[in-house]
Amino acid sequence: MILAISLKDDLHALAVQNEARRRGYRDFRIVACDQLSGSHSLSWHAHGEFPATLRTSDGTDVTLDDTSVIWWRRVRAAQQAAEHRSSESERNLINNDCRGALAGVLSAAFHGRWISHPDATDRAADKLYQLAVAQQAGFRVPRTLVTQSRDEVAAFLQRVGRIIVKPVVGATGPLMFTQRIDDPYAIPEESFAACPAIYQEYIEGTDHIRLNCFGDRMYAARLTTSALDWRADLTIPISPWNVPDDTAHLVTEVQRRLGLRMGAIDLKLTPSGEPVWLEVNPQGQFLFLEPLLGIPLAAHFLDFLISSAHSATSARQLSRDRAGPQMSG
C-alpha cells in the first residue's frame, strides 16, 4: 500500500493516482489531511489491541500495518470543516488537534518508508540550513546576507555589486517573486526592519535549471530567460537538460545530507556553465513540466513510489526473518 498524505483535490496526488489506476495498480490511496474533521478519519490504540487506521479520500479504511510507503506531500492546510466555526478558539482546536493526531499516529504506528520523513522535510525546507548544507557538499552558493538592517544591505551591495531579495519563508497567497535591489536607501527603513529577508548576490546568466530528483533518478529542465524569476512566465524557452555526472553527484550528496528522498531543486548556470545552488523544495511542483518537456513525470514518480514500496516490503520481511520465530511462554 502507498499512501499520499495531501490536500483534497491536490493535482499532483490525483495525477499519480490516475496513473496508478491506468496501470491497474489499486494500492495507491490518498488521505486528505484537510478533511479529517467531521468524520471518523483515524484510529490508534496505544497498546496495540487494534491496528492503527486511516480513512482515505474514497472512504476506505486502511491500516498502517499494510502500508509500505507514505508520500508526505501537503500537510499544513486548515480543516475545511473548521472554516464554518464562528469561534477562533474552536477553529484552532480543530486544526491543531487534527494535524497533531495525524502526525502522532503516523509517527507511532508507521514503520515503512517516508517520501520524505517529516523531520527531514521540515528541516530541509529551511532555506538557510539547506544553503549551508549545499555549500558544505561542494556546490557554489550565492553570497548571502539575512538581516533587518538597511545599512547592512547597503554595505553588502557595495561588496557584491548586484543583489536580489527574497523571503525567508514567505506566506500563503500570491507568489512572492525574487526582486532586485539597486538602492537600499530609496526604500523606507521600516520595510527592512519589518522582518528579516534573504539578500543574495545576483548570479549572472540566463539559464535556470529545475531539477526533479526522485530517488536516484533525475529529470531536469533548462529555462532560458533574463528575468530574475522564471515562474512569472512559462512561455519562455524550456527544454530538457541532461544532468552532468558531477552535478548529479553533488545533488545526490545534498539530498543525502538533508535526509530527502525527493526534491525539486533550483540551480542557475553561470555564463561559463557552472551550476550555482539556489534552493530545494522538498515537495516541489513538477507536473507543470510534463507537457512542456514531453516527459511523463507522473509515471516516473509512480515508478519511484512503487520501487520504494517493494524495497520497504523486502526490508520489513528481512527484519522479520532475522528476528526468527516468536516463542510463547
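Refer to the preceding data block for the structure.
The paragraphs below set out a description of the structure included in this document. Within each chain, residue numbers correspond to sequence positions counted from 1 in written order. Residues qualify for local features only when their pLDDT is at least 70, as the model is predicted, and side-chain atom pairs are given and counted only at 80 or more; totals for whole chains, interfaces and linings, by contrast, use all residues. Values shown for side chains rest on all heavy atoms present in the structure; no hydrogens or waters enter the calculation.

## Observations regarding the overall build of the protein chain
Helix and strand counts for the protein chain come out as nine helices and 16 strands. Burial status follows relative accessibility: with a 1.4 Å probe on protein chains alone, a residue under 20% of its type maximum counts as buried, one over 50% as exposed, and anything between as partly exposed. Taken across its 329 residues, the protein chain has 46% of its residues classed as buried. Working definition of accessibility: Shrake-Rupley area with a 1.4 Å probe, residue cover restricted to the visible protein chains. Carbon and sulfur atoms provide 49% of the accessible area of the protein chain, an area that totals close to 17,100 Å². Where helices and strands are cited, they refer to DSSP runs of H or I of at least four residues and of E of at least two residues respectively, numbered from the N terminus.

## Topic: the pairing of strand β13 (residues 217–224)
Pairing of strand β12 (residues 207–214) with β13 involves eight bridges; the strand directions are antiparallel. Bridge pairing links D207 to T224 in β13. For two strands to be treated as a pair, DSSP must find no fewer than two bridges joining them. Connecting the antiparallel pair β12 and β13 is a turn made up of two residues, with G215 showing a positive phi of about 65 degrees. The pairing of β13 with strand β14 (residues 238–241) spans four bridges and is antiparallel. Directly across from L223, in β14, lies its bridge partner I238.

## Observations regarding the side chain of D207
Summarising the element assignment, D207 is placed in strand β12. A residue is classified by how much of its surface remains accessible, and D207, at 18% relative accessible area, is buried. Within the local environment of D207, its side chain forms a polar contact with the side chain of R222, the two groups lying 2.9 Å apart. Here a polar contact is taken to be a pair of N or O atoms separated by no more than 3.5 Å, where protein atoms must pair a possible hydrogen donor with a possible acceptor and residues adjacent in sequence count only if both atoms sit in side chains. Polar contacts involving the side chain of D207 include one to the side chain of T224, which spans 3.1 Å. Two residues qualify as a contact provided that any one of their heavy atoms is within 4.5 Å of a heavy atom in the partner residue. Not counting residues within four places of it along the chain, the set of residues in contact with D207 comprises R222, L223, T224, K268 and L269.

Geometry only, nothing functional implied.
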